[in-house]
Amino acid sequence: MIKKQILLLCLVFAGIMASAQKMPVSYDFGEKYNDRYRYSNLMTIDEDGTGGYILVRAYYQGLILRPKGYLIEHYNSDLELVSEYNYKLKGLDFVNGFLKNGQLNLLFLNYNYDKGEYEYWVHRSPIFEFNFRTEKLLSIASEEVNDPVGKNYYNRNFSNGFTTAILFNEDKTGFIISTHHKKGKEEKHIIHLFDTTLKKRFEYDFSDEIEEKNYAFENVAFSKDLQTAYIVGKAYFKKKRFQVDERKFQYELIKITQNSNQTQSFVDPGKYPEALYPILLKNRLVCVGFYADRKDNRYNGIAYFDLDPNTLDIRSQRYNPFSQQFMDDKFGREEDKDIKNLVFKGVEVTPSEEIFFNAEEYFVSTGLEVTGAGQRVKIERYHYNDIVSVKLAPNGNMEWARNINKTEVTQGDGAYASYSSYCKDGKTYFFICTAAENPQLINNERLIFKQGLSRNRNVFMISLDENGVMDYEKIIDQQEARLPFMVSMPLKDEAADKMLFYAKRGGKKQLVKVDFK
């Protein structure tokens, strides 16, 4: 075990250089281990309940890489690998995984050709003596379709006959499975609510509500007793005629219980909410996100709605325009730039009900690439760009919003791109893993990270204090971090003030723990 205690001396640059601020953080590198699966994706990472950690990776083999199974790694509290289990399984689509009461639960979607139906299955095993058993959660009769599962943030296809989504709440106490099946003129949309012991709390037939609109659900919150779900998503109009400059959907909040549903639309002239996220507080329900002014065709600021959790009536609402500081962060002094494609990454609520949230500019581009054999194949590139971080007062007023300029693009595993965040004592910390040696600092006000060319990666930590003042430091040099971090898939332990990262390249792997002091 290599243990390093570091004091990060941060450069303050909110337009005026201030005195350095200390941010003490420690980090531990676990031992490097050999790994026989060069090609894999991290699917889930969790605590085992005894101080250790469980990781699940899907691995791929063959001349043409195909999924062959799942490698389950068990580490102790000292980041030592104590056991591995190879769960050989193929042909199923992994949708999520989690630990509960010492049981590892892997959720899959399978198409049963004999029965002509889609089936959700859970594969469950105790983590100290692996012995997987399977259980079918539900089934839906349908013809097979391409890509039935998937969260496309900006455009959802309802015409292929079957689409499904699975959404967990922030605390992972439960999840919904939404199934929308269309055959001819007949349509069925069912919402199923499960707790994380995999007990079905209820299912609700939502079919009467889709006569005029199709729903693409994005985020969910649950009451503590898991008897009520608050779902936010886009409602796409099916029959309405549109002007060229009109958008074909609106954001709605849907309250579902076992026997009823209620809907609240977020529609104001000249204001168009985007990427809304539901938060249940003590006696109220809040939705926060962004809003757009269609005339500018961009995100213009932060939207806030305070609702009655019983009736969904909007008690108050605020549209906070982005400040000049934010626009300077993002664009310098340039004019007529667009802010769009923002996707929520995290929400934190303080005991006094201040809200911190951050989002990322994310989009997918396509292109053609020539193979060694001269063939032209279509490829997709995944772009993870600027970070947006916001602090709202309990009444919804925006206290600050900051932008961190970042450009990343990958065709492979997105776990190495993007970022992770952590909130502590009113401050927000961001972790970025990049080949760049240093960010660019323009006019002492704009921090810009650009994707470097080296195979090795530095780990930078960026902080925003209570007033939105930004600092940064390279906390782990690429000479120490010889393996790149899967920086966007950490395990956060807020009770112990630490984060755990998985680092891997080729046939080598290790765990890295970061402690906040």
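So, here's what we can say about the structure.

Procedures and definitions
Residues numbered from 1 in each chain as written. Predicted model: local features only at pLDDT ≥ 70, side-chain atom pairs only at ≥ 80, totals over all residues. Heavy atoms only, no water. Helix = DSSP H or I, 4+ residues; strand = E, 2+ residues; numbered from the N terminus. Buried < 20%, exposed > 50% of the residue type's maximum accessible area, 1.4 Å probe, protein only. Contact = heavy atoms within 4.5 Å. Areas by Shrake-Rupley, 256 points an atom, 1.4 Å probe, with all protein chains shown as cover. Polar contact = N/O pair within 3.5 Å; in protein donor to acceptor, adjacent residues only side chain to side chain. Pairing = 2+ DSSP bridges. Axes fitted to C-alpha atoms, helices over the stretch in contact; angles between N-to-C directions. Phe/Tyr/Trp six-rings, centres within 6.5 Å; stacked < 30°, edge-to-face > 60°. Lys NZ or Arg CZ within 6 Å of the ring centre and 35° of its normal. Patch = residues over 30% accessible without salt bridge, like charges linked within 9 Å, V, L, I, M, F, W, Y side chains within 5 Å. Salt bridge = Lys/Arg side-chain N within 4 Å of Asp/Glu carboxyl O. Lys, Arg positive; Asp, Glu negative; His and termini not counted. Charge placed at Lys NZ, Arg CZ, Asp CG, Glu CD. Core = buried A, V, L, I, M, F, W, Y, C linked by side-chain atoms within 4.5 Å.

1. Brief notes about the overall build of the protein
The secondary structure content of the protein amounts to one helix and 36 strands. Counting across all 517 residues of the protein, residues that qualify as buried make up 56%. Once local pairs closer than 6 in sequence are excluded, the contacts in the protein between residues at least 24 apart make up 50%. Only carbon and sulfur atoms are counted for the fraction: they give 45% of the accessible area of the protein, which is about 24100 Å².

2. Comments concerning the side chain of Ser-207
Mapped onto the fold, Ser-207 is located in the loop between strand 15 (200–205) and strand 16 (213–222). There is a polar contact of 2.5 Å between the side chain of Ser-207 and the side chain of Asp-205. The residues contacting Ser-207, other than those within four sequence positions of it, are Glu-187, Lys-188, His-189 and Ile-190.

3. Some remarks on the sheet that holds strand 11 (residues 133–141)
If you trace the four strands from one edge of the open sheet to the other, you get 8-9-10-11, paired in antiparallel fashion. Strands at the two margins of the open sheet, each flanked by one partner only, are strand 8 (93–100) and strand 11. Here the strands of the sheet are splayed against their neighbours by 20 degrees on average, with no regard to which way each runs. Relative to strand 10 (residues 117–126), strand 9 (residues 103–112) is paired through 10 bridges, and the arrangement is antiparallel. Along strand 10, the bridge assignment pairs Phe-108 with Trp-121.

4. Here we look at the packing of aromatic side chains
Applying the stated criterion to the full structure yields 37 aromatic pairs. Between the aromatic rings of Tyr-118 and Phe-162, the centroid separation amounts to 4.5 Å while the plane-to-plane angle is 10 degrees, which identifies the pairing as stacked. With a gap of 44 residues between them, Tyr-118 in strand 10 and Phe-162 in strand 12 (residues 162–168) connect regions that are remote in the sequence. A relative accessible area of 3% means that Tyr-118 is categorised as buried. The buried category is assigned to Phe-162, whose relative accessible area is 1%. Through successive ring pairs, a cluster of aromatic residues spans Tyr-422, Tyr-429, Phe-431, Phe-485, Phe-501 and Phe-516. Over the aromatic face of Phe-168 sits the side chain of Lys-172, whose NZ or CZ is 4.8 Å from the ring centroid. Across the ring face of Tyr-419, the terminal group of Lys-345 is positioned such that the distance to the ring centre comes to 5.3 Å.

5. Some thoughts on the side chain of Asn-110
With respect to the element layout, Asn-110 can be found in strand 9. Its relative accessible area of 18% is what places Asn-110 among the buried residues. In contact with Asn-110, other than residues within four places in its own chain, are Gly-91, Leu-92, Glu-117, Tyr-118, Glu-119 and Trp-121.

6. Some thoughts on the pairing of strand 27 (residues 398–410)
Of all the 13 residues making up strand 27, 10 are buried; the element is thus mostly covered by neighbouring parts of the structure. Across nine bridges, strand 26 (residues 376–392) lies against strand 27 in antiparallel orientation. The residue of strand 27 that forms the bridge with Val-388 is Asn-403. Linkage of strand 26 to strand 27, two consecutive antiparallel strands, is achieved through a turn of five residues, within which Gly-396 is found at a positive phi near 95 degrees.

7. Let's talk about a negative patch on the surface
Taken together, Asp-208, Glu-209, Glu-211 and Glu-212 make up a surface patch of like negative charges. As for its placement among the helices and strands, Asp-208 is situated in the loop between strand 15 and strand 16. For Asp-208, a relative accessible area of 68% translates into the label exposed.

8. Focus: the sheet that holds strand 7 (residues 81–88)
Spatially, 4-5-6-7 is the arrangement adopted by the four strands of the open sheet, whose pairing is antiparallel. Both edges of this open sheet fall to strand 4 (40–47) and strand 7, since each of them pairs with a single strand only. Strand-to-strand twist in this sheet, taken as the mean axis angle between neighbours without regard to direction, amounts to 20 degrees. Judged from the seven bridges that link them, strand 6 (residues 66–75) and strand 7 form a sheet pairing that is antiparallel. Along strand 7, the bridge assignment pairs Tyr-75 with Leu-81.

9. A closer look at the pairing of strand 10
The buried fraction of strand 10 is high, at seven of 10 residues. Sheet topology note: the strand 10/strand 11 ladder contains eight bridges and is antiparallel. Paired with Arg-124 across the strands is Arg-133, a residue of strand 11. In sequence, strand 10 turns back onto strand 11 through a hairpin of six residues.

10. Here's the deal with the nonpolar core
In this structure, Val-288, Phe-290, Ile-355, Phe-357 and Leu-392 are the most contacted members of the largest nonpolar core, which totals 26 residues. Put simply, the parts of the chain that give this core at least two residues each are strand 20 (272–280), strand 21 (285–293), strand 22 (298–307), helix 1 (324–331), strand 24 (342–349), strand 25 (355–370), strand 26 and strand 27. Counting residues in hydrophobic clusters, the runner-up holds 21 residues, among them Val-25, Cys-433, Ile-475 and Val-514.

11. Notes on the pattern of salt bridges
In the structure shown here, the tally under the stated rule is 28 salt bridges. As a salt-bridge pair, Arg-315 and Asp-308 come within 3.6 Å of each other at their nearest N and O atoms. Across the pair Lys-424 and Asp-497 runs a salt bridge whose closest N-O atoms are separated by 2.8 Å. Here the residue Lys-424 occupies a position in strand 28 (residues 420–424), and Asp-497 occupies one in the loop between strand 34 (491–493) and strand 35 (498–505), the gap between them amounting to 73 residues. Three or more residues are tied together by salt bridges with common partners; here these are Asp-35, Arg-36, Arg-57, Glu-73, Glu-84, Lys-504 and Lys-509.

12. Focus: unusual backbone geometry
A positive phi angle is found at Ala-275, which is not glycine, with a value near 50 degrees. Relative to the helices and strands, Ala-275 resides in strand 20. For Ala-275, a relative accessible area of 8% gives the class buried. Although it is not a glycine, Leu-312 sits at a positive phi angle of roughly 70 degrees. The exposure class assigned to Leu-312 is buried, which follows from its relative accessible area of 1%.

Purely spatial values, then, with no claim about function.
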